[in-house]
Number of protein chains: 2
Amino acid sequence: MAKGVLLVISGFSGAGKGTLVKRLTEKYDEYALSVSMTTRNPREGEQEGISYFFVSREQFEQTIAENGLIEFAQYCGNYYGTPRAYVEQQLEAGRNVILEIEIQGATNIKKLFPESCLLFVTTPTAEILESRLKGRGTETDEVIAKRLARASEEAQGMDMYDYIVINDDLETCVDEVHALVDAARREPVRMKSFIEDMQNQLMGYSKGE
Amino acid sequence: MAKGVLLVISGFSGAGKGTLVKRLTEKYDEYALSVSMTTRNPREGEQEGISYFFVSREQFEQTIAENGLIEFAQYCGNYYGTPRAYVEQQLEAGRNVILEIEIQGATNIKKLFPESCLLFVTTPTAEILESRLKGRGTETDEVIAKRLARASEEAQGMDMYDYIVINDDLETCVDEVHALVDAARREPVRMKSFIEDMQNQLMGYSKGE
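Thresholds, definitions, all that
- Residues numbered from 1 in each chain as written.
- Chains lettered and ligands numbered in written order.
- Predicted model: local features only at pLDDT ≥ 70, side-chain atom pairs only at ≥ 80, totals over all residues.
- Heavy atoms only, no water.
- Contact = heavy atoms within 4.5 Å.
- Buried area = accessible area lost by both parts, 1.4 Å probe.
- Salt bridge = Lys/Arg side-chain N within 4 Å of Asp/Glu carboxyl O.
- Polar contact = N/O pair within 3.5 Å; in protein donor to acceptor, adjacent residues only side chain to side chain.
- Helix = DSSP H or I, 4+ residues; strand = E, 2+ residues; numbered from the N terminus.
- Buried < 20%, exposed > 50% of the residue type's maximum accessible area, 1.4 Å probe, protein only.
- Arc of directions from axis to C-beta.
- Pairing = 2+ DSSP bridges.
- Least-squares fit on C-alpha atoms with pLDDT ≥ 70 in both.
- Axes fitted to C-alpha atoms, helices over the stretch in contact; angles between N-to-C directions.
- Parallel < 35°, antiparallel > 145°, perpendicular 65-115°, else oblique.
- Left-handed = near helix turned anticlockwise from the far one by under 90°.
- Nonpolar A, V, L, I, M, F, W, Y, C, P; charged D, E, K, R; others polar.
- Phe/Tyr/Trp six-rings, centres within 6.5 Å; stacked < 30°, edge-to-face > 60°.

1. With respect to the interface of chain A and chain B
A common way to state how big an interface is: give the accessible area lost once the parts meet.
And step 1. At the junction of the two partners, chain A supplies 38 residues and chain B supplies 38 residues.
And step 2. When chain A packs against chain B, close to 3,300 Å² is buried across both sides, 68% of that on carbon and sulfur atoms.
And step 3. Linking chain A with chain B are two salt bridges.
And step 4. At the surface where chain A touches chain B, the tally comes to ten residue pairs in polar contact (both at pLDDT 80 or more).
And step 5. Those elements that provide at least two residues to the side of chain A that touches chain B are α5 (126-135), α6 (141-155), β9 (163-166), α7 (170-184) and α8 (192-206) of chain A.

2. Overview of helix α4 (residues 103-112) of chain B
Residues and elements named next belong to chain B.
And step 1. For α4, every residue scored as buried is listed here: Ile103, Gly105, Ala106 and Ile109. On an axial view of α4, the arc spanned by its buried residues comes to 155°, and they lie on one face. Exposed side chains of α4 directed beyond 90 degrees from the buried face belong to Lys111 and Leu112.
And step 2. Residues of α4 that are buried sit in contact with β1 (6-11), β5 (69-75), β7 (96-100), β8 (117-122) and α6 (141-154).
And step 3. The N-capping residue of α4, defined by a side-chain oxygen 3.1 Å from the backbone nitrogen of Gln104, is Glu102.

3. Details of the pairing of strand β6 (residues 78-83) of chain B
All names here are of chain B.
And step 1. Most of β6 sits inside the fold, with five of its six residues counted as buried.
And step 2. Pairing analysis gives two bridges linking strand β3 (residues 37-38) to β6, with the strands arranged antiparallel. Residue pairing across strands places Met37 opposite Gly81, the latter belonging to β6.
And step 3. Of the pairings in the sheet, the one linking β5 to β6 comprises six bridges and is antiparallel in character. Among the inter-strand pairings, Tyr75 is bridged to a residue of β6, identified as Asn78.
And step 4. Here β5 folds back onto β6 in antiparallel fashion, the turn holding two residues, of which Cys76 has a positive phi close to 55°.

4. Examining the relation of the copies chain A and chain B
And step 1. Once chain A has been moved 0.0 Å along the axis and rotated by 180°, it coincides with chain B to within an RMSD of 0.1 Å. Such a combination of turn and shift is consistent with a two-fold rotation axis. Within chain A, the C-alpha atom positioned nearest to the axis of rotation is that of A:Ala183, 3.2 Å from it.
And step 2. With an isologous cut-off of 70% or more, the 100% of interface residues of chain A that recur at the interface of chain B puts this contact in the isologous class.

5. Quick look at the packing of helix α1 (residues 17-27) of chain A against α7(A)
Residue and element names in this part refer to chain A.
And step 1. Following both chains from N to C, one finds α1 and α7 inclined at 65°, their axes separated by 10 Å at the closest point. The orientation of α1 relative to α7 falls into the category roughly perpendicular. Along this stretch, α1 crosses α7, giving a crossing that reads as right-handed. Between α1, through Thr19, Leu20, Arg23, Leu24 and Lys27, and α7, the contact on the second element is made entirely by Leu170, Glu171, Cys173, Val174, Asp175, Val177 and His178.
And step 2. Here the contact of α1 with α7 is built from residues that sort into six nonpolar, two polar and four charged.

6. Quick look at the packing of aromatic side chains
And step 1. Going through the model one piece at a time under the given rule, you end up with 16 aromatic pairs over all chains.
And step 2. Measuring from ring centre to ring centre gives 4.9 Å for A:Phe12 and A:Phe120, while their planes differ by 80°; the resulting arrangement is edge-to-face. One end of the pair, A:Phe12, is in the loop between β1 (6-11) and α1; the other, A:Phe120, is in strand β8 (residues 117-122), with 108 residues separating them in the sequence.
And step 3. Owing to a relative accessible area of 0%, A:Phe12 belongs among the buried residues under this scheme.
And step 4. Ring centres of B:Phe60 and B:Phe72 lie 6.2 Å apart, and the angle between their planes is 70°; this geometry places the pair in the edge-to-face category. Highlighted residues: B:Phe60 in helix α2 (residues 57-65) and B:Phe72 in strand β5, separated in sequence by twelve residues.
And step 5. A residue is classified by how much of its surface remains accessible, and B:Phe60, at 0% relative accessible area, is buried.
And step 6. Cluster of aromatic residues (ring-pair linked, three or more members): A:Phe12, A:Phe120 and A:Tyr161.

Encoded structure:
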């Protein structure tokens, strides 16, 4: 069986990453969502093993020491990281593993795993981004302004992603992501063993075997 | 309207590039096949403007001087090149223009047009390639051996293509290529103006406009 694709999903706050990932895993069996490990405290409504694995600082550092994370970072005084075992086990089983992480983490993943596929999710326009953030009705103008300022910084890094995904209609977008993962499987970086096999087989002919 | 994608198709002799391209242009309206210009003599059955544009050496060099070719090369004492006007006009009209060229030409095109999309067409195995070449029944064992030796060289360059296309079943393969072109449109290199627009719009917000 072909290995799954390590799928990194980033994007603007308000672009609908969360909903997109949720729908993708519901609609297609071959996706598995990686759950991050963190030392920060659970917020209202967050569930252990679903939102995050909540651990102590000691447990987190122990996991680092055991090489149990594929990447980790500190943010606002807390550790966040991606447990290795689940990711590797799901990829081996042929499932595409989704990491929903921000741009810095995405860059790190790409360095460590050149065969990872990086998607950046955006709204069709900045105006739509603003109106989606406002439409939630749960955030103050100050928070919205901060998110838009953050988005402006993040937009500078869109170039380093493999694909840009415009989230206009959710179902269309889910199917588009699925098609992009299929396409990504046809890139040479993810077909190394096929290419090597072909080169070796043809080598035989050119030697007149 | 979005510009078309400049689609470069290479692959092993016997992998079915010609049939694939023919079927792709028949099945989907949005593809246009670029016709090369050459100074070599027409062969039996070749048609002016369909197989090639057949011109004199003087006419070819005049076209080079007028910057009328996007690339050209000499091969066995004859010139071969891609006329610029048709390619640009079709791309502007939103059609994907197919260039069926070998690996050296493909590399040149990629340098000149980083937004071009390079596909490499292969059979599932070298054995199938051999049996397809033999199955044509029109070529001597010596010619077949030469083609396989050539394929072995070409296989060393598969890595530099954007996508590897395995031509097993023709119709599946045609649809796969169509999906790959759709995916290619989502790569940042082909979304430069979208990315710039988004960056500029968001810049406005971060300045508090």
